[in-house]
Every structure is written in C-alpha cells, then in structure tokens.
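# Architecture and fold: a report
One letter stands for each residue in the lines below.
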Amino acid sequence: MKLDTLSSKYIRIFFVVVIYWVISILTVFVNKTLLSIDKLDVDAPIFIAWFQCLVSAIICFTLSRLSKMFPTVVQFPEGNPFNTTTIKKVLPLSILYILMISTNNFCLKFVDVTFYYVGRSLTTVFNVILSYLILGQTTSFSCLLCCFAVVFGFFLGVDQENLSGSFSLIGTVFGVLSSFSLAYYSIQIKKVLPDVNNHIWLLSYFNNVYAVILFIPLLALETKELSIYSKLTELKFLFLMIIGGVCGLSIGYITVLQVQVTSPLTHNISGTAKSCFQTVLASFWYDQWKSSMWWFSNFVVLGGSAAYTIVKNREMEKKYRPIAYNRC
C-alpha cells in the first residue's frame, strides 16, 4: 500500500515537472514567434503584452464568477480589483509587473531564443544586491562566488554571441533590465502577498487587470503599426495571442504547484535544467550552430545558478535546523 502511495507521488511529481517544462518552453517559443517581425510581419511588443494580460484578466474574472456560481466545482479567492484599498496596495507592484513583462518581451524580440536564458541570467545577482539594499540581508562568500560565476558566464556569453555575429546590444540591455525588474518584483511580491491573504491567483488577477488599464496609454506608440497590420483578425494570429496569454497565466500556477509537490530547491534545479534543454532545443529548432566556447558560457551560467540554489538551500537548512531541534 505504501509502495503504491509512493509510486503515485512520484508519478504526480513527474507529470507536474513535465507540464512545467512544456508550458514554460511553449510560452517562450510562442512569444518569440509573435515578436519576430519576419514570422508575423508585426512590430508591436506592447500590444502583444497588453493582449496577453487581457486574456489572463478575462480568465481570472471568469473563474471568479464561476466560483460563486459553482463553489463546489470551481474555487477562486474572492476579491475586488477596483477596491480603493486594494488599488493603493497592489498598484505599485503592478507597475513593476508591467516593467517586467515589457522588458522581457523586448529582450525576446531582439535576441535569439538560444541566448535568451544567458541574456536574462543576472536575476540571481540582482536579487542578492537588492536583498542587501532593501532588506539588509547579507550573502555568504560561497553564494557570492556562485554569483561571480554567473556574471563571468554572462559576459563570456555576450562575447561569444558577438563573435557569432548574432549579438544584439539593445536586446541584451533589455535582458539586464528584465533581470533587474524580475529580482525587484520577487522581493516586493513578498510584501504585497499578505495584503491579498497570500493568494497568488488573486494577486495575478489584480496585476493583470491593472496592467490592461495601464498599458492603454502606451498602446498609442504602436497605433500606426497596428492600423496597417492586415493580419490582426486572422485566426493564426489570434490563436497564438490567446495561447500566449493562457500560457502566461498558467506558468504562475504551475510554478507554485511544482514547488508544492517538490521543494523550492527542486523547483529551481528543474528550472535550470529546463533552461538548458530549452537552449539545446532552440539551437535545433532555429538551426543555429554555436561554438564550443559559446556552449561553455551557457553551462557556466547554468552551473553558477544551480550551485547558488544548492548552497542557499543548505544555508537555510543550517539556519532553521537548530530552531526545529530546540522546539523538539
């Protein structure tokens, strides 16, 4: 009986990890297709981000309505995005959310998928810096060495990308900005979550509703481009846009689920391994040959990120083990 239970647990973990990989990789490839002018002949990254936020907001709103109509079948945390108190507490985070997804889209627009992970690899480094500046949290020498490896791998990757002739300065700059905004967002989200009773879905709902509204003035920058785009109502374009929005919302849920069925350490290692597989897959999918030194830079970044996760996890265990022991 215990063997069956253990087997069921491992099967569930396997499927959750696979679903996380599929959705995460699909999100990147779908967005790259949408953001590539040569694929769909449209240059409107802000509109794409707005539309995907709109899809996410509609899905959350629908789930919220259904949970009230069929509470035993559909469960969704209750909350009103237009509550004055909620707006004051969540809106600053939503502005950061817009910066995060916008810079991410612009990064993906200008760089190849093969370089995408390296281009956004400084998130861990910025997280360490911001944690010290904002929270006053110091970092061990071992973790700093891991961060050094990530930075070294990043600059080596930039150098190799430049030698291969596919380097994009503006794409890399947006990648760095995306890394910074993601690290800042991850710190600020911890402060805001208690205001929504720690409901990830509710915070996602509010963020997407506010993003839809805040993006509207920025859409004016792409009005001319959209007005002459003939494929705006074509089925293929709309299908990819909707898939991108569904994936964008789903990745938040499946990320939390993966952490729940495994652990934060396993989740981070899974994410690192996924990034490695994504890079290899992209090199075959887009038929891009890369030098051995280019691949070495990727593995340095991946290795540094994985090592940071493992070292940080061990430090957390040592920190809380005496507390648990004293309680016993």
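### As for the overall build of the protein chain
Helices and strands together make up the secondary structure of the protein chain, namely 13 helices and 0 strands. In the protein chain, the succession of helices and strands from N to C terminus is α-α-α-α-α-α-α-α-α-α-α-α-α. Taking 2.2 N^0.38 as the reference for a compact globule, 328 residues should give roughly 20 Å; the C-alpha atoms of the protein chain span a radius of gyration of 21 Å, in line with that estimate. Principal-axis analysis of the C-alpha atoms places the extent of the protein chain at approximately 70 × 60 × 45 Å. Across the 328 residues that make up the protein chain, the buried fraction comes to 45%. Contacts spanning at least 24 positions in sequence make up 84% of the contacts within the protein chain whose residues lie at least 6 apart. Per element, the accessible surface of the protein chain, about 17,900 Å² overall, is 68% carbon and sulfur.

### Some thoughts on the side chain of Thr172
Note that Thr172 resides in helix 8 (residues 169–192). Excluding anything up to four places from it in sequence, Thr172 contacts Val111, Phe115, Gly119, Phe154, Val158 and Phe167.

### Brief notes about the packing of helix 6 (residues 123–135) against helix 8
With their axes 8 Å apart at the nearest point, helix 6 and helix 8 run at an angle of 45° to one another. Here helix 6 is positioned oblique relative to helix 8, judged by the angle of their axes. Of the two possible hands of crossing, helix 6 and helix 8 adopt the one that is right-handed. Residues Thr123, Phe126, Asn127, Leu130, Ser131, Ile134 and Leu135 of helix 6 lie in contact with helix 8, whose contacting residues are Val176, Ser179, Phe180, Leu182, Ala183, Tyr184, Ser186, Ile187, Gln188 and Lys191. Its residues assigned to classes, the contact of helix 6 with helix 8 shows 10 nonpolar, 6 polar and 1 charged.

### Description of the environment of Ile242
In this fold, Ile242 is placed in helix 11 (residues 235–261). Separated by 24 residues in the primary sequence, Ile242 and Leu218 have C-alpha atoms spaced 21 Å apart. The residues touching Ile242, leaving out its near neighbours within four places in the chain, are Phe51 and Val55.

### Describing helix 9 (residues 200–219)
Compared with the 28 Å implied by 1.5 Å per residue over 20 residues, the 28 Å span of helix 9 between its first and last C-alpha is a close match. Those residues of helix 9 lying buried are Leu202, Leu203, Tyr205, Phe206, Asn207, Asn208, Val209, Tyr210, Ala211, Val212, Phe215 and Leu219.

### A word on the packing of aromatic side chains
The description of two aromatic rings rests on the distance between their centres and on the angle between their planes. One pass over the structure, following the stated rule, counts 16 aromatic pairs. Both rings, one in Trp21 and one in Phe277, keep their centres 5.8 Å apart while their planes meet at 35°; by these two values the pair is tilted. Note that Trp21 is positioned in helix 1 (residues 2–35) and Phe277 in helix 12 (residues 264–285), a separation of 256 residues in sequence. Over the aromatic face of Phe110 sits the side chain of Lys109, whose NZ or CZ is 5.3 Å from the ring centroid.

### So, the environment of Ser181
With respect to the secondary-structure elements, Ser181 resides in helix 8. The sequence separation of Ser181 and Asn127 amounts to 54 residues, and the corresponding C-alpha distance is 9.7 Å. Ser181 has contacts with Leu96, Leu99, Met100 and Thr103, leaving out every residue within four places of it along the chain.

### Description of the nonpolar core
In terms of nonpolar packing, the biggest core is built from 73 residues, with Phe47, Leu203 and Phe215 touching the most fellow members. Membership of the second largest hydrophobic core comes to 7 residues, among which are Ile13, Val16, Ile254 and Leu257.

### Structural notes on the pattern of salt bridges
This structure, assessed with the given rule, holds 2 salt bridges. In this structure, the salt-bridge partner of Lys89 is Asp195, at a minimum N-O distance of 3.8 Å. Note that Lys89 is positioned in helix 4 (residues 84–110) and Asp195 in the loop between helix 8 and helix 9, a separation of 106 residues in sequence. Residue classification places Lys89 among the partly exposed positions, given a relative accessible area of 42%.

### Section: the state of the cysteines
What makes a disulfide is a covalent bond joining the sulfur atoms belonging to two cysteines. All chains considered together, the criterion is met by 0 disulfides. We note that Cys146 lacks a disulfide partner, and the nearest cysteine sulfur, in Cys143, lies 5.9 Å from it. Its relative accessible area of 9% is what places Cys146 among the buried residues.

### Observations regarding the packing of helix 6 against helix 7 (residues 141–163)
The geometry of helix 6 relative to helix 7 is characterised by a closest axis approach of 9 Å and an angle of 140° between their N-to-C directions. Relative to helix 7, the element helix 6 lies oblique. Crossing angle aside, the handedness with which helix 6 passes helix 7 is left-handed. Seen from helix 6, the contacting residues are Thr124, Val125 and Val128; seen from helix 7, they are Leu144, Cys147, Val150 and Val151. Considered class by class, the residues forming the contact of helix 6 with helix 7 number 6 nonpolar, 1 polar and no charged.

Calculation notes
Residues numbered from 1 in each chain as written. Predicted model: local features only at pLDDT ≥ 70, side-chain atom pairs only at ≥ 80, totals over all residues. Heavy atoms only, no water. Helix = DSSP H or I, 4+ residues; strand = E, 2+ residues; numbered from the N terminus. Rg over C-alpha atoms; globule rule 2.2 N^0.38 Å. Buried < 20%, exposed > 50% of the residue type's maximum accessible area, 1.4 Å probe, protein only. Contact = heavy atoms within 4.5 Å. Areas by Shrake-Rupley, 256 points an atom, 1.4 Å probe, with all protein chains shown as cover. Axes fitted to C-alpha atoms, helices over the stretch in contact; angles between N-to-C directions. Parallel < 35°, antiparallel > 145°, perpendicular 65-115°, else oblique. Left-handed = near helix turned anticlockwise from the far one by under 90°. Nonpolar A, V, L, I, M, F, W, Y, C, P; charged D, E, K, R; others polar. Expected span 1.5 Å × (residues − 1). Phe/Tyr/Trp six-rings, centres within 6.5 Å; stacked < 30°, edge-to-face > 60°. Lys NZ or Arg CZ within 6 Å of the ring centre and 35° of its normal. Core = buried A, V, L, I, M, F, W, Y, C linked by side-chain atoms within 4.5 Å. Salt bridge = Lys/Arg side-chain N within 4 Å of Asp/Glu carboxyl O. Disulfide = S-S within 2.5 Å.

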